[in-house]
Amino acid sequence: MNSPSSSPPSSPSRFLDLGFSIGQKEVKRILILVLGLVASCLLLYKTAYPLRQELGVNILTSSRPLLDRSSPSSPQTRSNSISFREVLENAMTGNRTVIITTLNQAWAEPNSLFDLFLESFRIGQGTQKLLQHVVVVCLDSKAFDRCSQLHPHCFYIETSGTDFSGEKLFATPDYLKMMWRRIELLTQVLEMGFNFIFTDADIMWLRDPFPRLYPDGDFQMACDRFFGDPYDSDNWVNGGFTYVKSNHRSIEFYKFWYKSRLDYPELHDQDVFNKIKHEPLVSEIGIEMRFFDTVYFGGFCQTSRDINLVCTMHANCCIGLEKKLHDLNLVLDDWRKYLSLSEQVKNTTWSVPMMCT
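Residues numbered from 1 in each chain as written. Predicted model: local features only at pLDDT ≥ 70, side-chain atom pairs only at ≥ 80, totals over all residues. Heavy atoms only, no water.

- Going by the annotation in an unreviewed UniProt entry, the name recorded for the chain is Glycosyltransferase, with Arabis alpina given as the source organism.
- Under the UniProt heading Sequence similarities (unreviewed entry), the note attached to the chain is "Belongs to the glycosyltransferase 77 family."
- In its Subcellular location (unreviewed entry) section, the UniProt record describing the chain reads: "Golgi apparatus membrane". (UniProt positions renumbered as here; feature names shortened; annotations may be inferred.)

And the structure:
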């Protein structure tokens, strides 16, 4: 009879010891493989989304869902997290152009400016089809909630330390922060390769403006007052409506514009633009600028003279939400009356500005 010390190699205990050794090696191999895959995924993520670190703001992903408008009666969310890039891609035209506006709670309330903004697209000539290309960047959660009830392309930017929900009066500290937040955001849009029309939500879209954009020019801007020359940077500009093509010139200009806020801490983006537009660096960048005629892109500062040609009407030169609402309602009333006429009107007398005087 064999003693326990002389058990053959194939005994159960030796077999278990061998299996345990092999198991340890396999576990180690699996752990190394998993760690390698995790590291690769992190590297790919940083490569795909470099702009999160570049701008230093949490605006590339939204923790809030985007409304799926495929079933208006019972809306469903597409995902719990959608990137800003994805929102832009969902809304872009064939040549990667998007229409962007910003929205806070005060302007998003029922019967406030956002409702008028959307209504203008619905009753404008050739503008209904453009709504699918509008991206609404919401500056607070309540604005996002209201936007998501009305429009498919809404994105919520979370900004720590600043509450953008209330009405921001012109040139107040919070107003300045909101304007520079906008320039920062638009810089990012250009860096991602999208052209854009930026429009304030207090602009009524009465006709498709795309045929009135200049075929040349990297940066095209509306005016409070237009003096006849689209190349003249001394026109009184208004940053509420801009068309910008994504290229190295526009990106460098927007970066310079945003950086220049530090040199003029008490001025908003439009005034800083006027300060820097003749700077040597702007010439070195080589950006080509054009300025829109108020005949096509009018406003309360200088109303469009011909309703047969007007594309947009802006509640500029007007401070206060109630005043804007009153006069923009009159704009839409004038437009509906015009649409009801059987023939073109040769001479137009707008009902505005009335309270915005």
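We are not done yet, so read on.
## Some details on the confidence of the model for the chain
Then step 1. The pLDDT averaged across the chain works out to 82; a share of 72% of its residues lies at or above 70.
Then step 2. This model gives residues 43–80 a pLDDT under 50, and the stretch forms 76 contacts once residues within four places in sequence are excluded. (pLDDT = per-residue confidence, 0-100. Contact = heavy atoms within 4.5 Å.)

## Some remarks on the state of the cysteines
Then step 1. According to the stated counting rule, one finds 3 disulfides in the structure shown.
Then step 2. Residue pairing for Cys 147: its cysteine sulfur links by disulfide to Cys 154, the two sulfurs lying 2.0 Å apart. For the disulfide bridge between Cys 147 and Cys 154, the dihedral angle about the S-S bond is near -80°, and by the sign convention the bridge is left-handed. Neither residue differs from the other here; Cys 147 and Cys 154 are each classed as buried.
Then step 3. Each sulfur in the disulfide pair Cys 318 and Cys 356 lies 1.9 Å from the other. A torsion of -50° about the S-S bond marks the disulfide between Cys 318 and Cys 356 as left-handed. In this pair, Cys 318 is assigned in the loop between strand 14 (312–314) and helix 11 (321–340) and Cys 356 in the segment after helix 11, connecting sequence segments 38 residues apart. Each member of the pair, Cys 318 as well as Cys 356, carries the same accessibility label: buried.
Then step 4. Assigning the bonded cysteines of the chain consecutive numbers by sequence position, one obtains the connectivity 1-2, 3-4, 5-6. (Disulfide = S-S within 2.5 Å. Buried < 20%, exposed > 50% of the residue type's maximum accessible area, 1.4 Å probe, protein only. Helix = DSSP H or I, 4+ residues; strand = E, 2+ residues; numbered from the N terminus.)

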